[in-house]
Amino acid sequence: MSTYRLFLHIFAVLLICDGMFSAPSPSSAERISIEISSTSDSNITVNKEESATVGDVTELPYDHDGPNKSHKDPGISVIKSDTKSTKVTPSAARPKSSMYNAKQNPPPERKNDIIQLFSLLFFILIVLLLGILYFLNMTLTERMNSSLYSRPHTKNRTEIRIDYDVNSLHRALIELKKTQDTLKERLNQTELKSVQKFAVDVTLDPDTAHPHLILSDDGKQVSAGGIQCNATENPKRFEAVCVLAKQGFSSGRFYYEVQVKGKTRWTLGVARESINRKGRIRLSPRNGVWTVILRNKNEYKACDDPSFFLPLRVKPEKVGVFVDYEEGLVSFYDVDSRSHLYSITGQTFTEKLYPYFSPDLNDEGKNSNPLIITPVR
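Residues numbered from 1 in each chain as written. Predicted model: local features only at pLDDT ≥ 70, side-chain atom pairs only at ≥ 80, totals over all residues. Heavy atoms only, no water.

With that settled, consider the side chain of T264. Within the element layout of this structure, T264 appears in the loop between β11 (253-259) and β12 (266-272). Classification of T264 by relative accessible area gives buried; the value is 11%. With near-sequence residues (within four places) excluded, T264 lies in contact with L294, R295, N296, K297, K366 and N367. (Helix = DSSP H or I, 4+ residues; strand = E, 2+ residues; numbered from the N terminus. Buried < 20%, exposed > 50% of the residue type's maximum accessible area, 1.4 Å probe, protein only. Contact = heavy atoms within 4.5 Å.)

Structural data, given as structure tokens:
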């Protein structure tokens, strides 16, 4: 408990003790008998029949010569009474059993003094006990607080001082970062080498090309022209600016590489055979196309669900595309830096997949460079 509450409890106990042990004042109707002893060894008892007040003691006038003469007898004292008559009788005329014996029964005033003395002693004892309890409470509280907030003491404890050099720590972090980059590069090189083993020969299908696209005779390059080329009507032809490869794959793994150097916009990936060829194509796995795109010269994005922007520090000039049909995996690589760009995973392929190319619009010559399918080395 707090110190404030403890003092309140002490004050309440003291008030209770004072009420219990305080001596009550004598009743106004109490019968009082006083034994008076005179110097002439004559005993006179004064009986007061009605009310009197303790401590209201006066000298009683005693008339020897008559009503006009009176003097004070030093051997007689009585309590002033409110009654008109006071009866005084010699003690010899009263029975001995009714006489007040001071040795056997002490006067009421003395009893009150004794009771008040014991009340004072009990009061002091209560105060001492409460003081001891308060002291013990404070001591235990201090010990508990010290045990909670102090450190545990151990034998042979030695101080440990850590001295470090900030520059050394910075150099160590740089070395760790270099080591991490080296390991990552080696892992990417190993990964790229492992997928390049599944390289396939890919050529463009002119029957699927948009009329504004220009294809090379060997079917390895495609670019966007400013005018519409003469193209025959074909149900496989796209109305969007894109083209598929002739080769389709319904199982296994395959890999191909495309040069994108100098372009500001392009799209590469794979598409399922039943992709919508009329109207605009929304690039998403839900629509049967898995791609990575470049927009506005340096905005790279993987068209996943949802789409994901790629924070590339180096602009790829040659992109590799790898597909594992059974695993539902489509991965993209920066061939020159031999780094992994992005992987679309957890797909379920049920149709034949075709490599997908879009050199995008010419943009007044700013995006005139072609997409070139290059041999894998």
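Glancing now at a nonpolar patch on the surface. Taken together, the side chains of I114, L117, F118, L120, L121, F123, I124, V127 and L128 make up a nonpolar region of the molecular surface, amounting to roughly 830 Å² of accessible area. Among the structural elements, L128 can be located in helix α2 (residues 108-149). (Patch = residues over 30% accessible without salt bridge, like charges linked within 9 Å, V, L, I, M, F, W, Y side chains within 5 Å. Areas by Shrake-Rupley, 256 points an atom, 1.4 Å probe, with all protein chains shown as cover. Salt bridge = Lys/Arg side-chain N within 4 Å of Asp/Glu carboxyl O.)

Turning to the environment of K352, a few remarks are in order. Examined against the element boundaries, K352 turns out to sit in the loop between β18 (339-344) and β19 (353-358). Judged by relative accessible area, which is 33%, K352 ranks as partly exposed. When the C-alpha atoms of K352 and E273 are compared, they prove to be 5.6 Å apart, with 79 residues separating the residues in sequence. Not counting residues up to four positions away in its chain, the partners in contact with K352 are G248, F249, S250, A271, R272, E273 and Y325.

A few words on the pairing of β12. With 6 of 7 residues buried, β12 lies mostly within the body of the structure. Pairing between β12 and strand β13 (residues 289-295): 6 bridges, direction antiparallel. When the bridges of β13 are listed, G269 appears paired with T291. Inspection of the sheet shows β12 paired to β19 by 6 bridges, in the antiparallel sense. Directly across from A271, in β19, lies its bridge partner Y354. (Pairing = 2+ DSSP bridges.)

Moving on to the nonpolar core. Note that soluble globular proteins tend to have their nonpolar side chains buried in a common cluster. Core analysis: the largest hydrophobic core is formed by 36 residues, its most contacted members being W266, L268, V330, F357 and L371. Those residues in contact with V330 that sit more than four places away from it in its chain are V270, W290, F322, V323, Y342, S343, I344 and F349. If you look at the next biggest cluster of nonpolar residues, it comprises 13 residues, including L244, A271, I293 and C303. (Core = buried A, V, L, I, M, F, W, Y, C linked by side-chain atoms within 4.5 Å.)

Take the sheet that holds strand β20 (residues 371-374) next. Ordered in space as β8-β9-β20-β11-β16-β17-β18, the 7 strands form an open sheet in which the pairing is antiparallel. Since the sheet does not close on itself, it has two edges, and those belong to β8 (213-215) and β18, each with one partner. Looking at each pair of strands side by side, their axes are set apart by 25° on average, direction ignored. Bridging between strand β17 (residues 329-334) and β18 involves 5 bridges; their strand directions are antiparallel. When the sheet's bridge partners are listed, F332 is paired in β18 with Y342. (Axes fitted to C-alpha atoms, helices over the stretch in contact; angles between N-to-C directions.)

The final tally for this structure, using the stated rule, is 7 aromatic pairs. The interplanar angle of 55° and the centroid separation of 5.6 Å between the aromatic rings of Y256 and F357 together place this pair among those described as tilted. Taken as a pair, Y256 in strand β11 and F357 in strand β19 lie far apart in primary sequence, 101 residues in all. Following the ring pairs from residue to residue traces out a cluster consisting of W290, Y325 and F349. (Phe/Tyr/Trp six-rings, centres within 6.5 Å; stacked < 30°, edge-to-face > 60°.)

Between D305 and the following residue, P306, the backbone shows a cis peptide bond with an omega angle of 0°. Tracing the backbone shows P306 in the loop between β14 (299-302) and β15 (308-310). In this structure, K297 takes a positive phi of about 75° despite not being glycine. Along the chain, K297 turns up in the loop between β13 and β14. The exposure class assigned to K297 is exposed, which follows from its relative accessible area of 52%. Although it is not a glycine, D363 sits at a positive phi angle of roughly 55°. The topology assignment puts D363 in the loop between β19 and β20.

Looking now at the confidence of the model for the chain. Per-residue pLDDT for the chain averages 75, and the proportion of residues at 70 or more is 61%. Segment residues 23-103: pLDDT under 50, and 93 contacts once partners within four positions in sequence are set aside and those in other chains are kept. (pLDDT = per-residue confidence, 0-100.)

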